[in-house]
Amino acid sequence: MSRLSRRADERYLFIPLDHSVSDGPVADAVEFDRLLGRIVAGGADAVIVHKGRAPSIDPRHLRSCALIVHLSAGTVHAADEHAKVLVGGVEDAVRLGADAVSVHVNVGSETEAAQLADLGRIATECQHWNLPLLAMIYPRGPRIADACDPALLSHVVNIAVDLGADLVKTSAAAPLHRMAEVVASCPVPVLVAGGPENGADLSGYARAVLDAGCAGLAVGRRVFTSADPERLVRELAETVHAPRDLAGLPRPVPELYDTVATV
């Protein structure tokens, strides 16, 4: 788990690049490596890719940035876009040198039962290999009336915990400050997916979810479509990893060394 937090503060900025399966290429073949270099230079804690993409990553990028191999797949062209299937296993990820794996589950979808079974099986494999598991779990499907409901999100993240996840990525509650209720219900780190879709300030969004107690963010599309992904990742990394006191508010670094809590 310590490998997943670049600054060893149990805070996380993950950049998912698995969209190439679900939606289409995030960059052309040459630009993909440059994009990864910019993401790493910006200070991302981990990148998330599928098993076939991982071997093409320049190992130098992974000296300071963790590798998470995503094991679920589904596309926007499917009859049920909320359906997800396993396309890899933990042993595949171990052979690739992954620091963790991730599995996607849509609670409320028509194939919820199969997705939950997959999550449980991968959790067992992760325990065997001592590899961290990130559950990307969301309330999505025809039975979901309000995907931003804090009570529903609390249920969803606890499903992930009970089935064996070490970290959970989910949707943001509305309003954002109510993510505090979701975090309070969950014994493992909670990361919020994405960001405001209207082009609003992403760093402000990050501060809001961190102030609500979240352990970090997983931001993909806003990064790889940015005109300057390195700058954006750097801004997010500084926000995510800013020193914070017990009340969750930023504090100057020197002040932290004068507290018993840091001894």
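Residues numbered from 1 in each chain as written. Predicted model: local features only at pLDDT ≥ 70, side-chain atom pairs only at ≥ 80, totals over all residues. Heavy atoms only, no water.

Caption draft 1: Structural context of the environment of Val240. For Val240, the location among the structural elements is in helix 9 (residues 229–240). Along the primary structure Val240 and Thr170 are separated by 70 residues, whereas in three dimensions their C-alpha atoms are 17 Å apart. Setting aside its immediate chain neighbours within four residues, Val240 contacts Arg11, Tyr12, Leu13, Leu210, Gly216 and Leu217. (Helix = DSSP H or I, 4+ residues; strand = E, 2+ residues; numbered from the N terminus. Contact = heavy atoms within 4.5 Å.)

Caption draft 2: Summary view of the layout of surface pockets. Estimated volume of the largest pocket: approximately 970 Å³. Counting only elements with at least two residues in the lining of the largest pocket, the list comes to helix 1 (19–22), strand 4 (72–73), strand 6 (100–107), strand 7 (133–139) and helix 8 (221–224). In terms of residues, the lining of the largest pocket owes the most to one element, helix 1, which gives three residues. Residues belonging to the lining of the largest pocket are distributed by class as follows: 13 nonpolar, 14 polar and nine charged. (1 Å grid on protein atoms, 1.4 Å probe; cavity = no way out; pocket = protein on both sides within 12 Å on 5 of 7 lines; lining within 4 Å. Points joined across faces, edges and corners; volume = space filled by probe spheres on them. Nonpolar A, V, L, I, M, F, W, Y, C, P; charged D, E, K, R; others polar.)

Caption draft 3: Inspection of the packing of helix 4 (residues 112–129) against helix 5 (residues 150–163) at higher detail. Helix 5 packs onto helix 4 with a crossing angle of 40° between their chain directions and a minimal axis gap of 9 Å. As the angle between them shows, helix 4 and helix 5 are arranged oblique. Along the contact surface, helix 4 presents Leu116, Leu119, Gly120 and Ala123, while helix 5 presents Ile159, Ala160 and Leu163. Residues of the contact of helix 4 with helix 5, tallied by class, amount to six nonpolar, one polar and no charged. (Axes fitted to C-alpha atoms, helices over the stretch in contact; angles between N-to-C directions. Parallel < 35°, antiparallel > 145°, perpendicular 65-115°, else oblique.)

Caption draft 4: Spotlight on the side chain of Ser109. In this fold, Ser109 is placed in the loop between strand 6 and helix 4. A polar contact of 3.2 Å, which involves the side chain of Ser109, links it to the side chain of Gln115. Excluding residues within four positions of it along the chain, Ser109 makes contact with His82, Gln115, Arg140, Gly141, Pro142 and Arg143. (Polar contact = N/O pair within 3.5 Å; in protein donor to acceptor, adjacent residues only side chain to side chain.)

Caption draft 5: Quick peek at the sheet that holds strand 9 (residues 190–193). Spatial strand order, 1-2-3-6-7-8-9-10: eight strands in a closed barrel with parallel pairing. Each strand axis lies, on average, 25° off the axis of its neighbour in the sheet, ignoring direction. As paired strands, strand 7 and strand 8 (residues 167–170) are joined by three bridges and run parallel to one another. Note that in strand 8 the partner of Ala135 across the bridge is Val168. Each of strand 1 (12–16) and strand 10 (216–218) is contacted by helix 9, which is oriented at about 150° to strand 1, the strand it contacts most. (Pairing = 2+ DSSP bridges.)

Caption draft 6: Looking closely at the pairing of strand 9. Side chains Val190 and Val192 of strand 9 all project onto a buried face; the interleaved residues Leu191 and Ala193 project onto the opposite face, where all are buried too. Once the chain exits strand 8 it traverses helix 6 (residues 179–185) before rejoining the sheet at strand 9, and the crossover so formed is right-handed. In this sheet, strand 10 lies alongside strand 9 in parallel orientation, the contact comprising three bridges. For Val192, the partnering residue across the bridge sits in strand 10 and is Leu217. (Buried < 20%, exposed > 50% of the residue type's maximum accessible area, 1.4 Å probe, protein only. Right-handed = clockwise from strand over helix to strand, strands pointing away.)

None of the figures reported here should be taken as evidence of function without further support.
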